[in-house]
Amino acid sequence: MEGHVEGQDGHVEDQLTIAGRAFQSRLLLGTGGFPSLQLLADAIEASASELVTVALRRIDPNAQGSLIDVLEEAGVGLLPNTAGCHTARDAVLTAQLAREAFQTDWVKLEVIGDEDTLLPDAPELLRAAEQLVDEGFVVLPYTTDDPVLGRRLQDLGCAAVMPLGAPIGSGQGIRNPYNIALLRDAVSVPVVLDAGIGTASEAALAMELGCDAVMVASAISRAQDPVGMATAMRHAVKAGRLAYTSGRIPRRDYATPSTPTEGLAEFRG
Amino acid sequence: MIFLNGDGSDLNAGDTVAVALARLDIGPDAKGIAVAVDGAVVPRGAWEGFALSEDARVEVLTAMQGG
């Protein structure tokens, strides 16, 4: 079967494809919040992630170790973000600088509209997405769970959409699973659930809702044991995906016996 | 005054981006570096030739953990 490979556990696994690039892992890892580069490297390995985010900031002449070297060593792809940008102009410039710094056209486009919730600014996001697509970027926008906005972003040429489950770093899980499912149906590009995940079951839920991938940062990097949580997330994403492709049973209000009632013995009272 | 990553510097008008980068111990082959001057990207190939104006604002950026 095209696009499918045999997994270690014997199941046929399906690849994630974004903008023509295939990934075995459906878990994207954020690099923010790890207390050390060594812990980041260990968590990347445990997560089996193939695509990790990086931010662009003023160089610190006193910085210990090189993030770029660690990520090169890990063999992962880079997904630069535009975190901290509040206008389309700043986000576009940041993406252009990231392309220059990391030699990648890929960008996780973030345009923030509110400091307390870090929710996306939809009009600025659309403006930035349009310009970056025009400039040949592979744009993965961080968006709300609004299916209409998701479709607009797809129509502009975005390679995927990255809806939030809950505000960044909140660990609130997926506050509106219904909207995520609607968004999944509204677009044909990959849907990467981004932000809000706090623990493994929530990553599994995202996949069961039909998301194509999950992006996790704080839930791993700020866990008591980041390597343990990275392992848990890896399994959760696989389990959730397999549950989704296997087709869950419908919910019912009343019991349906799982043991046949035919041939039931009649005992004298 | 030319500003380098937000701080005033002793760079002079006419100094190139490459000279500014040398103040941060960054050579022409440094990995993962991008430069903006006055809000526009200066590609690596232009670092040697790009002369700074007397009130230029130079931003020198690199990868940080995030997202």
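Refer to the structure printed above.
So, a few notes on the structure that sits alongside this text. (Residues numbered from 1 in each chain as written. Chains lettered and ligands numbered in written order. Predicted model: local features only at pLDDT ≥ 70, side-chain atom pairs only at ≥ 80, totals over all residues. Heavy atoms only, no water.)

### Looking at the nonpolar core
Nonpolar side chains in soluble globular proteins tend to be buried together. Using the following cut-off: Residues grouped as a nonpolar core are buried Ala, Val, Leu, Ile, Met, Phe, Trp, Tyr and Cys residues, joined through side-chain atoms within 4.5 Å. The rule is simple: take the accessible area with a 1.4 Å probe, protein chains only, and divide by the maximum for that residue type; under 20% is buried, over 50% is exposed, in between is partly exposed. Numbering of helices and strands runs from the N terminus; a helix is a DSSP stretch of H or I covering at least four residues, while a strand is a stretch of E covering at least two. In what follows, residue pairs with any heavy atoms lying within 4.5 Å of each other are defined as contacts.
Core analysis: the biggest nonpolar cluster contains 68 residues, and A:L71, A:F102, A:L109, A:V214, A:I220 and A:M233 have the highest contact counts within it. Counting residues per element, this core draws most heavily on helix 3 (residues 88-102) of chain A, which supplies nine residues. Beyond its immediate chain neighbours, meaning those up to four positions away, A:I220 contacts A:L29, A:F34, A:A43, A:P226, A:M229, A:A230 and A:M233. By size, the runner-up hydrophobic cluster in this structure holds 17 residues, among which are B:I2, B:L4, B:V42 and B:L52.

### Notes on the side chain of A:T53
Quick note on the threshold: The term polar contact refers here to a pair of N or O atoms within 3.5 Å; inside protein, the definition further demands a hydrogen-donor-capable atom paired with an acceptor-capable atom, and it admits residues adjacent in sequence only when both atoms are side-chain atoms.
Note on placement: A:T53 falls in strand 6 (residues 51-58). Of the residues examined, A:T53 reaches a relative accessible area of 1% and is grouped as buried. Side-chain polar atoms of A:T53 contact the backbone oxygen of B:G67, separated by 3.4 Å. Dropping the residues within four chain positions of it, A:T53 is found in contact with A:L29, A:G30, A:T31, A:L79, A:N81, A:K108, A:M215, B:G66 and B:G67.

### What to know about the environment of B:A34
If you trace the backbone, B:A34 turns up in strand 3 (residues 33-37). C-alpha separation for the pair B:A34 and B:E59, spaced 25 residues apart in sequence, amounts to 8.2 Å. Aside from chain neighbours lying at most four places away, what touches B:A34 is A:L97, A:E100, A:A101, B:E59, B:V60 and B:L61.

### Brief notes about the pattern of salt bridges
Here is the rule we go by: Any Lys or Arg side-chain nitrogen located within 4 Å of an Asp or Glu carboxyl oxygen qualifies as a salt bridge.
Per the counting criterion, the structure on display carries 12 salt bridges over all chains. Across the salt bridge formed by A:R99 and A:D105, the nearest N and O atoms sit 3.2 Å from each other. The class of A:R99 is partly exposed, set by a relative accessible area of 26%. For A:D105, a relative accessible area of 34% corresponds to the partly exposed category. Between B:R23 and B:D10 there is a salt bridge; the shortest N-O distance is 2.3 Å.

### Remarks on the sheet that holds strand 8 (residues 106-109) of chain A
All names here are of chain A. Spelled out, the test is: Each pair of strands is called paired provided DSSP finds at least two bridges between the two strands.
One open sheet accounts for three strands, arranged 8-9-10; its pairing is parallel. For this open sheet the edge positions go to strand 8 and strand 10 (162-163), each flanked by a neighbour on one side alone. In the sheet, strand 8 pairs with strand 9 (residues 138-143) via four bridges, with the strands oriented parallel. From the neighbouring strand, W106 faces strand 9, where its bridge partner is V138.

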